[in-house]
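# An overview of the molecular structure
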Amino acid sequence: MSGSGPGFRLLDMSLHTEDEGRLVVDLGGRAGEAGPLRVPEGAVVSVGLTFQVGRAVDGLTFEEVRTGDDREPVVTRTPLGGFRRGGPYEVRLPPRRMPVGRAHCGLYEVTGRLTDGRGHELARADHELMLVHLTGAPEARTAPGDP
């Protein structure tokens, strides 16, 4: 994690999927050390955030930018609202479906940023995501490399 603003701490960031469960994003600034998070194509993913607020924040927004080789960046902004001093607060963002098809599979660089209503960055987390192609019949689908 980098760019933590004064009085704001991002404690946890994770991806929640129906099939894969909870995938924890490493906030220690060692993006890629544990390898990219593996998510199957077409998976429904919801970002979970846990944070503490040292002083009241108005207009808190989460912005995610996903970029990959030869792909246009995908930017998602989710307004979270105002938060009083305290916490930890736990927020689950609306679910969204990952792209489907071999053309979309591969490695993505993902940056998650929390900003206040004036656009000041309060926290940032960078990680890698590997979108993997599903193989097999629908009832026995697996991602390559899965047991």
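Refer to the preceding data block for the structure.
For clarity, every value in this text was computed on a predicted model and none was experimentally measured.

Rules used in this analysis
- Residues numbered from 1 in each chain as written.
- Predicted model: local features only at pLDDT ≥ 70, side-chain atom pairs only at ≥ 80, totals over all residues.
- Heavy atoms only, no water.
- Helix = DSSP H or I, 4+ residues; strand = E, 2+ residues; numbered from the N terminus.
- Contact = heavy atoms within 4.5 Å.
- Pairing = 2+ DSSP bridges.
- Axes fitted to C-alpha atoms, helices over the stretch in contact; angles between N-to-C directions.
- Salt bridge = Lys/Arg side-chain N within 4 Å of Asp/Glu carboxyl O.
- Buried < 20%, exposed > 50% of the residue type's maximum accessible area, 1.4 Å probe, protein only.
- Polar contact = N/O pair within 3.5 Å; in protein donor to acceptor, adjacent residues only side chain to side chain.
- Phe/Tyr/Trp six-rings, centres within 6.5 Å; stacked < 30°, edge-to-face > 60°.

Along its length, the protein chain carries zero helices and ten strands. Walking the protein chain from its N terminus toward its C terminus, one meets helices and strands in the order β-β-β-β-β-β-β-β-β-β. Put simply, of all contacts in the protein chain between residues at least 6 apart along the chain, 67% involve residues at least 24 apart.

In sheet architecture, strand pairing relies on hydrogen bonds along the backbone and comes in two forms, parallel and antiparallel. The mixed open sheet is built from five strands, whose spatial order is β3-β10-β9-β5-β6. In this open sheet, the two edge strands, each paired with only one partner strand, are β3 (37–40) and β6 (74–83). Neighbour-to-neighbour, the strand axes of the sheet open up by a mean angle of 25 degrees, direction not taken into account. Pairing geometry for β3 and strand β10 (residues 121–132), over four bridges, is parallel.

With that settled, the discussion passes to the pattern of salt bridges. Under the counting rule described, the total for this entry stands at eight salt bridges. As a salt-bridge pair, E63 and R113 come within 3.2 Å of each other at their nearest N and O atoms. You can see E63 sitting in strand β5 (residues 57–68) and its partner R113 sitting in strand β9 (residues 106–115), a full 50 residues away along the chain. Taking the relative accessible area as the measure of exposure, R113 reaches 22% and is therefore partly exposed. Here R96 ties to E64 by a salt bridge, and the two come within 1.9 Å at their closest N and O atoms. In this pair, R96 is assigned in strand β8 (residues 96–97) and E64 in strand β5, connecting sequence segments 32 residues apart.

This part is about the side chain of S14. With respect to the helices, strands and loops of the structure, S14 is situated in strand β1 (residues 8–17). By relative accessible area, which is 1% here, S14 ends up buried. Looking at S14, its side chain comes within polar contact range of the side chain of R22, at 3.4 Å. Excluding residues within four positions of it along the chain, S14 makes contact with R22, L23, V24, V25, S46, V47 and G48.

Following the criterion strictly, the structure yields four aromatic pairs and no others. With a centroid separation of 5.3 Å and 20 degrees between ring planes, the pair formed by F8 and F51 is classed as stacked. With F8 in strand β1 and F51 in strand β4 (residues 44–53), this residue pair connects regions lying 43 residues apart in the sequence. Residue classification places F51 among the buried positions, given a relative accessible area of 0%. Between F51 and Y89, the aromatic rings sit 5.8 Å apart at their centres with planes inclined by 35 degrees, giving tilted as the arrangement. Of the two residues, F51 is situated in strand β4 and Y89 in strand β7 (residues 86–92); the sequence distance between them amounts to 38 residues. Ring pairing ties together the aromatic residues F8, F51, F83 and Y89, which thus form one cluster.

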